[in-house]
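# Observations on chain architecture
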Amino acid sequence: QVQLVESGGGLVQAGGSLRLSCAASGSTFSINTIGWYRQAPGKQRELVAVISSGGTTNYADSVKGRFTISRDNAKNTVYLQMNSLKPEDTAVYYCNAGSWPNNYWGQGTQVTVSS
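The present account deals with the structure reproduced in this document. If you're wondering where the values come from, they're calculated on a predicted model, not measured in any experiment.

Moving on: the side chain of Thr109. Inspection of the secondary structure assignment puts Thr109 in strand 11 (residues 109-114). What makes Thr109 buried here is its relative accessible area of 11%. Within the structure, the side chain of Thr109 is placed 3.2 Å from the backbone nitrogen of Gly9, a separation counted as a polar contact. If sequence neighbours within four positions are ignored, Thr109 has contacts with Glu6, Gly8, Gly9, Leu20, Ala91, Val92 and Tyr93.

Pasting the structure below:
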């Protein structure tokens, strides 16, 4: 059982920055990976970035070079630093914790980038 609490979303102008946080609780020792996903209205949810328990990271091509995923093990928290934001980054961003064969989702946080 894993619970995820997200924060940090908001409204920002194009070119600006936001940092999203995902705080995990419960059986955090069972988590293999944590990923950030996003979903815009009428579109499928897509993977943005993922970090493994060993620290390996991967990014979607659309955000590579602009977004950085990181973790603070002492706080059981994963971050998504988003720089050079574009209007097409506007979406609800979700945190996902994978603990095979299960996965868990946060509630989502809205990110809106104005032109």
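Having seen the model, we can carry on.
Let us look at the layout of surface pockets. In this approach a probe as big as a water molecule rolls over the atoms, and the regions it shows empty are the leftover space. Approximately 240 Å³ is the volume found for the largest pocket. Forming the boundary of the largest pocket are 15 residues, of which Thr28, Ile31, Ile34, Arg71 and Asn73 lie nearest the centre. Taken together, the elements giving at least two residues each to the lining of the largest pocket come down to strand 4 (33-39), strand 5 (46-52), strand 7 (67-72) and strand 8 (77-82).

Turning our attention to unusual backbone geometry. At the junction of Trp100 and Pro101, the peptide bond is cis and its omega measures out at 5° in the coordinates. With respect to the secondary-structure elements, Pro101 resides in the loop between strand 9 (91-99) and strand 10 (102-105).

Our next topic: the sheet that holds strand 8. An order of 1-3-8-7 is seen for the 4 strands of this open sheet, with the pairing classed as antiparallel. In this open sheet, the two strands that pair with only one neighbour each are strand 1 (2-7) and strand 7. Between one strand and the next, the sheet's axes are offset by a mean angle of 20°, whatever the strand orientation. Across 6 bridges, the pairing between strand 7 and strand 8 is antiparallel. The residue bridging Thr68 from the neighbouring strand is Gln81, located in strand 8.

Turning to the packing of aromatic side chains, a few remarks are in order. This structure, assessed with the given rule, holds 2 aromatic pairs. Seen from their ring centres, Tyr37 and Trp105 are 5.0 Å apart, and the 65° between their planes marks the pair as edge-to-face. Highlighted residues: Tyr37 in strand 4 and Trp105 in strand 10, separated in sequence by 68 residues. The exposure class of Tyr37 is partly exposed, given its relative accessible area of 22%. When the centroid spacing of 6.3 Å and the interplanar angle of 90° are considered together, the rings of Tyr94 and Trp105 count as edge-to-face. With Tyr94 in strand 9 and Trp105 in strand 10, this pair connects stretches of sequence that are 11 residues apart. Trp105 sits in the partly exposed class, given a relative accessible area of 36%. Linked through ring pairs, Tyr37, Tyr94 and Trp105 together constitute an aromatic cluster. In this arrangement the basic side chain of Arg45 is found over the ring face of Tyr94, its NZ or CZ atom lying 3.8 Å from the centre.

Turning next to the environment of Ala14. Examined against the element boundaries, Ala14 turns out to sit in the loop between strand 2 (10-13) and strand 3 (18-26). In this structure Ala14 comes out as partly exposed when scored by relative accessible area, which is 42%. As for Ala14 and Asp61, which are separated by 47 residues in sequence, their C-alpha atoms are 19 Å apart.

Calculation notes
- Residues numbered from 1 in each chain as written.
- Predicted model: local features only at pLDDT ≥ 70, side-chain atom pairs only at ≥ 80, totals over all residues.
- Heavy atoms only, no water.
- Helix = DSSP H or I, 4+ residues; strand = E, 2+ residues; numbered from the N terminus.
- Buried < 20%, exposed > 50% of the residue type's maximum accessible area, 1.4 Å probe, protein only.
- Polar contact = N/O pair within 3.5 Å; in protein donor to acceptor, adjacent residues only side chain to side chain.
- Contact = heavy atoms within 4.5 Å.
- 1 Å grid on protein atoms, 1.4 Å probe; cavity = no way out; pocket = protein on both sides within 12 Å on 5 of 7 lines; lining within 4 Å.
- Points joined across faces, edges and corners; volume = space filled by probe spheres on them.
- Pairing = 2+ DSSP bridges.
- Axes fitted to C-alpha atoms, helices over the stretch in contact; angles between N-to-C directions.
- Phe/Tyr/Trp six-rings, centres within 6.5 Å; stacked < 30°, edge-to-face > 60°.
- Lys NZ or Arg CZ within 6 Å of the ring centre and 35° of its normal.

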